Amino acid sequence: MSEDENKNENENKNNEQHRLRKELPDEVAPEAADGADHAGGAASAETSAGETKPPSLTGRQRLAKGLWPPRVSRAQLIVAVLLFVLGLGLAIQVRSNSDSSALRGARQEDLVRILDELDDRTQRLGDEKQRLEGQRTELENSSDQAEEARKQTVERERQLGILAGTVAAQGPGITLTITDKKGAVQADMLLDAIQELRAAGAEAIQVNDVRVVADTYLTDASGGKVSVDGHKIGEPFVFKVIGKPQDLEPALNIPGGVVQTLEKEQATVTVTQAQKIVVDALRPAKRPDYAQSSSQ
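Here goes a summary of the coordinates provided. (Residues numbered from 1 in each chain as written. Predicted model: local features only at pLDDT ≥ 70, side-chain atom pairs only at ≥ 80, totals over all residues. Heavy atoms only, no water.)

Description of the pattern of salt bridges
To keep it simple, the criterion reads: Salt bridge, as used here, is a side-chain nitrogen of Lys or Arg placed within 4 Å of a carboxyl oxygen of Asp or Glu. Numbered from the N terminus, helices here are DSSP runs of H or I no shorter than four residues, and strands are runs of E no shorter than two. Burial status follows relative accessibility: with a 1.4 Å probe on protein chains alone, a residue under 20% of its type maximum counts as buried, one over 50% as exposed, and anything between as partly exposed.
According to the stated counting rule, one finds five salt bridges in the structure shown. Where Glu-128 meets Arg-131, a salt bridge forms, and the shortest distance between an N and an O atom there is 2.4 Å. Linking Glu-128 with Arg-131, this pair stays in helix α6 (residues 108-141), spanning three residues, or about one helical turn. Residue Arg-131 is classed as partly exposed on the basis of its relative accessible area, which comes to 29%. Where Asp-229 meets Arg-283, a salt bridge forms, and the shortest distance between an N and an O atom there is 2.7 Å. On the criterion of sequence distance, the pair formed by Asp-229 in the loop between β5 (226-228) and β6 (231-233) and Arg-283 in the segment after β8 (268-279) is long-range, its members being 54 residues apart. For the pair formed by Asp-229 and Arg-283, the shared burial category is buried.

So this is what it looks like as structure tokens:
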């Protein structure tokens, strides 16, 4: 190939490259790009110099930060209150059920005796109902209703006098003696014994020299003594109780009852049945200050 042909070929290549450069977008000047890089680096350097990059948190720290402080909505608060009330109700139910654990663990013979006592109590109430109905029939059929009413009034007055403690009483019953040398017996334990005896059908109760009536109260006193209606009594505590002995004694000996509770306090308890118990401690008759008879 001749020198002129080579020259023309080179010129054509140069023209083609020049045309391609014109079609492509202008490139950023290297100087500008370098300047931008320097500016960005400077800004980054200034940022790094002015602010301290926060330390990275661990997974446990991020979890704790998300849980506290809690962000509670109104709906969540209502649900929490309802769950609290439900849990409290369940706790009360479990506690009430646990109170009967003594009966659940009782022997079959003890459970049968308790059922017999309930049947006897029901029978007594039925007999009392029949007696009152008989009195009503006598009043309705008596030829001399005034005299019959007077007799029943006198009998009723005597019965109310026994309940109020204004007259002495005698009859079958038991004697409950509690010996407490360590002074562990307190007023609430004696009150439990009185309540258990009343529930078993006791008609008259005397503790040492104090007559127990409807408004009797017991409090702890100094020196290991107990105050009954303001009268201090000490051990041995002697209960004279008139009622059906076959009902009174088993009521004190039920599992978890009065006798077991007192024996846990290392007190000595003895129960003696008798066909004649005399309750002779009397209470003065009180006239009510506000209550009046509603009969016309």
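There is more to say, and it comes next.
Quick word on the side chain of Asp-180
Filter applied, for reference: In this count, Lys and Arg are taken as positive residues and Asp and Glu as negative ones, while His and the chain termini are left out. Residues adjacent in sequence count toward polar contacts only when both atoms are side-chain atoms; beyond that, a polar contact is any pair of N or O atoms within 3.5 Å, and within protein one must be able to donate a hydrogen and the other to accept it. The contact criterion used is simple: two residues touch if any of their non-hydrogen atoms lie within 4.5 Å.
Along the chain, the position of Asp-180 falls in the loop between β1 (169-179) and α8 (187-199). Buried Asp-180, no salt bridge; nearest opposite-charge side chain is Lys-182, N-O distance 8.4 Å. Here the side chain of Asp-180 touches Ala-184 through a polar contact of 2.8 Å, landing on its backbone nitrogen. Contacts of Asp-180, omitting those with residues within four sequence positions, involve Val-185, Glu-235 and Ala-267.

Considerations on α6
The criterion, for reference: Here, expected helix span is obtained from the residue count minus one, scaled by 1.5 Å.
Taking 1.5 Å as the rise per residue, α6 with 34 residues should run 50 Å; its terminal C-alpha atoms sit 49 Å apart, in good agreement. When α6 is considered as a whole, its buried residues turn out to be Asp-110, Ile-114 and Glu-117.

Quick look at the sheet that holds strand β4 (residues 218-220)
This is how the line gets drawn: Two strands are said to pair when DSSP picks up at least two bridges between them. To obtain each axis, a line is fitted to C-alpha atoms, and for helices this fit is confined to the stretch in contact; angles are then taken between N-to-C directions over 0 to 180 degrees.
Strand order across the open sheet formed by three strands is β4-β5-β6, with antiparallel pairing between neighbours. Edge strands, defined here as strands with exactly one partner in the open sheet, are β4 and β6. When the angles between neighbouring strand axes are averaged without regard to direction, this sheet yields 30°. Across three bridges, the pairing between β4 and β5 is antiparallel. Across the sheet, the residue bridging to Thr-219 is Ser-227, located in β5. Contacts from α8 reach β4 and β5 within the one sheet, and its direction differs from that of β4 by about 155°.

Thoughts on the sheet that holds strand β7 (residues 237-242)
Strand order in the open sheet formed by five strands is β3-β2-β7-β1-β8, with antiparallel pairing between adjacent strands. Each edge of the sheet is formed by a strand with only one pairing partner; in this case those strands are β3 (210-212) and β8. Within this sheet the neighbouring strands show an average axis-to-axis angle of 20°, counted without direction. In the sheet, strand β2 (residues 204-207) pairs with β3 via three bridges, with the strands oriented antiparallel. Along β3, the bridge assignment pairs Ile-205 with Val-212. Here α8 sits on the sheet and contacts β1, β2, β3 and β7; the angle it forms with β7, its principal contact strand, is near 10°.

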